[in-house]
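# Tertiary structure, described
Each chain, written out:
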Amino acid sequence: RKEVEQDPGPFNVPEGATVAFNCTYSNSASQSFFWYRQDCRKEPKLLMSVYSSGNEDGRFTAQLNRASQYISLLIRDSKLSDSATYLCVVHGGNAGNMLTFGGGTRLMVKP
Amino acid sequence: DAGVIQSPRHEVTEMGQEVTLRCKPISGHNSLFWYRQTMMRGLELLIYFNNNVPIDDSGMPEDRFSAKMPNASFSTLKIQPSEPRDSAVYFCASRLLNEQYFGPGTRLTVT
């Protein structure tokens, strides 16, 4: 079983839709959680950290459920420019001080 | 800050040649990571340094790969001799505390 698992997608949604991604992690000792975004042929970029209480940044909301060991990302009012691959990232646990990346979920927002 | 700087951005070489990839981390960041990304295997951690010292190189594929960090502002990843299966995008990333930032990557093609 992979340490961090994501549905690879693609998720095809129309502009303006709300879309949610989930991610599960295997190690309960994991300490910090993040969402990264990667555009085609570009590097991964930090989108947001995920806090236990949940956090919001504009149209993006991240939630963490430690009991069930999953992380979610909700995108409201999706834009064409949101089309990218979203990587779920976990810090700590088996990986020690390193980040463990999920395989990513591809989102395609259509006009 | 200019962010993480990598060079070259693209490298095309013939099988058997030596390849050297370079990275300049963000000033003040004390951890540096080398990753490789392919469609088949996703993002893989090769090696990471903390305060210029290699901490975990378990992801380095084989002896043909070596990495150095002679000072806090420079690191190299060398492949000698290169093989076609080394073709990938190689990312360098640096981190301070929890936030990790990637360089633009080097796209390596070995023919």
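Procedures and definitions
- Residues numbered from 1 in each chain as written.
- Chains lettered and ligands numbered in written order.
- Predicted model: local features only at pLDDT ≥ 70, side-chain atom pairs only at ≥ 80, totals over all residues.
- Heavy atoms only, no water.
- Helix = DSSP H or I, 4+ residues; strand = E, 2+ residues; numbered from the N terminus.
- Rg over C-alpha atoms; globule rule 2.2 N^0.38 Å.
- Buried < 20%, exposed > 50% of the residue type's maximum accessible area, 1.4 Å probe, protein only.
- Contact = heavy atoms within 4.5 Å.
- Buried area = accessible area lost by both parts, 1.4 Å probe.
- Salt bridge = Lys/Arg side-chain N within 4 Å of Asp/Glu carboxyl O.

All right, on to the overall build of chain B then. Looking only at helices and strands, chain B has 0 helices and 11 strands in total. Listed by position from the N terminus, the elements making up chain B come as β-β-β-β-β-β-β-β-β-β-β. Relative to its length of 111 residues, chain B is compact, with a C-alpha radius of gyration of 13 Å against a globular reference of 13 Å. Taken over the C-alpha atoms alone, chain B extends approximately 40 × 25 × 25 Å along its principal axes. Among the 111 residues that make up chain B, the fraction classed as buried is 43%.

Residues and elements named next belong to chain B. Within the secondary structure, Glu 11 sits in strand β2 (residues 10-13). On the basis of relative accessibility, which here comes to 25%, the residue Glu 11 falls in the partly exposed class. Distance in space between the C-alpha atoms of Glu 11 and Leu 21 is 9.0 Å, their sequence separation being 10 residues. Ignoring anything within four residues of it in the chain, the contact list for Glu 11 reads Val 19, Thr 106, Arg 107, Leu 108 and Thr 109.

Once that is clear, we can look at the interface of chain A and chain B. Each partner contributes to the interface: chain A provides 15 residues, whereas chain B provides 18 residues. Both faces combined, the contact of chain A with chain B buries some 1400 Å², and carbon together with sulfur accounts for 54% of it. A per-residue breakdown of the area chain A buries against chain B is headed by A:Glu43, A:Asn97 and A:Met98, which together make up 33% of the total. Remark: the boundary between chain A and chain B carries 0 salt bridges.

This brings us to the side chain of B:Thr76. Residues and elements named next belong to chain B. Tracing the sequence through the fold places Thr 76 in strand β8 (residues 74-79). Owing to a relative accessible area of 14%, Thr 76 belongs among the buried residues under this scheme. Not counting residues within four places of it along the chain, the set of residues in contact with Thr 76 comprises Thr 20, Leu 21, Arg 22, Trp 34, Ser 66, Ala 67 and Lys 68.

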